[in-house]
Amino acid sequence: MAGESSEPIVVAIDGPSGVGKSVAAERLARTLGFHFAQSGAMYRAVGWLVELHDVSPRDGNRIAALVAETAIDIALRPGQSAVCVHGREISEELAGEAVGKAASAVATLPVVRQTVTAQLRRLRCQGNLVMEGRDIGTVVFPDADVKFFLDASLDVRAWRRWQEMRQAGHGDTLEEVRQAIAERDEQDRTRTLAPLVPAADAHVIDTADFSIDDVVQTMVSGTQHNILRGNG
Ligand code: C5P
């Protein structure tokens, strides 16, 4: 399937925080043998930098300067995406809700969105790609070959995220996690630029009642179906 067309294939996966996009997207990419990119990691890297330099997330001018002078890249590796700042991988520093919150704040700024979107688009040159985020099917790759939008209620997403965090050794309560996800969702859905919405041509999957295996299988079948149809 992959490689039948001369243009690399792009699969776009969007959805709100805690819906399980990263795990599902990574497994889809492994199954298809595609590259995998987490676009949120780029926004997280900017949020992390802003906190590191003690810049207000509303100070557009200073953030623009910071973004211009810092080399932030996604390195595509088989089944993985790693974020590097000036060549050093910082993926571990980007985990956690505090960086997610900073990312969501800086992601409202036009200068940040333009820079990150341009970098994300360049990743397509490296080959067939699964990319997950909030605006992949609407803004980054509106011409993606296949688009999925994963969804689930706030309660389901908070519970899943809380369990992941507990396994990773974080001590946040379920209510704290729920609150943080709700705030981030609100900001991501209501911002003026590239708000979180399903693309008109996305396959919407409510993940609440499905196992991760089922979600991945649905996406594998959907991708194969769409691409075979596109090539036929
Ligand atoms: O996906 P993740 O939770 O790592 O994303 C962190 C934040 O980055 C999101 O809450 C959102 O504000 C922003 N983001 C975005 N557009 C994307 C991916 C992430 O605005 N494509």
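Structure's up top.
Figured I'd write up the structure that's included with this text. (Residues numbered from 1 in each chain as written. Predicted model: local features only at pLDDT ≥ 70, side-chain atom pairs only at ≥ 80, totals over all residues. Heavy atoms only, no water.)

### Examining the site of the ligand
What surrounds the ligand is a group of 15 residues, the closest being Arg44, Arg113, Asp135, Arg184 and Asp188. The separation between an oxygen atom of the ligand and a polar side-chain atom of Arg44 is 2.6 Å. At 2.8 Å from an oxygen atom of the ligand is found a side-chain nitrogen or oxygen belonging to Arg113. Contact with the protein chains removes 95% of the 450 Å² of surface that the ligand exposes when unbound. Within the residue set of the shell around the ligand, elements represented by two or more residues are helix H2 (40-52), helix H4 (97-106) and helix H8 (174-190). Per-element tally for the shell around the ligand: the top contributor is H2, with 3 residues. Here the shell around the ligand is built from residues that sort into 4 nonpolar, 4 polar and 7 charged. (Near = heavy atom within 4 Å. Polar contact = N/O pair within 3.5 Å; in protein donor to acceptor, adjacent residues only side chain to side chain. Areas by Shrake-Rupley, 256 points an atom, 1.4 Å probe, with all protein chains shown as cover. Helix = DSSP H or I, 4+ residues; strand = E, 2+ residues; numbered from the N terminus. Nonpolar A, V, L, I, M, F, W, Y, C, P; charged D, E, K, R; others polar.)

### Quick word on the packing of aromatic side chains
Taken as a whole, this structure holds 1 aromatic pair when the rule is applied. Look at Trp159 and Trp162: their rings are 5.4 Å apart centre to centre, the planes differ by 45 degrees, and that puts the pair in the tilted class. Residue Trp159 and its partner Trp162 are located together in helix H7 (residues 154-167), separated by 3 residues, close to a single helical turn. Its relative accessible area of 16% is what places Trp162 among the buried residues. (Phe/Tyr/Trp six-rings, centres within 6.5 Å; stacked < 30°, edge-to-face > 60°. Buried < 20%, exposed > 50% of the residue type's maximum accessible area, 1.4 Å probe, protein only.)

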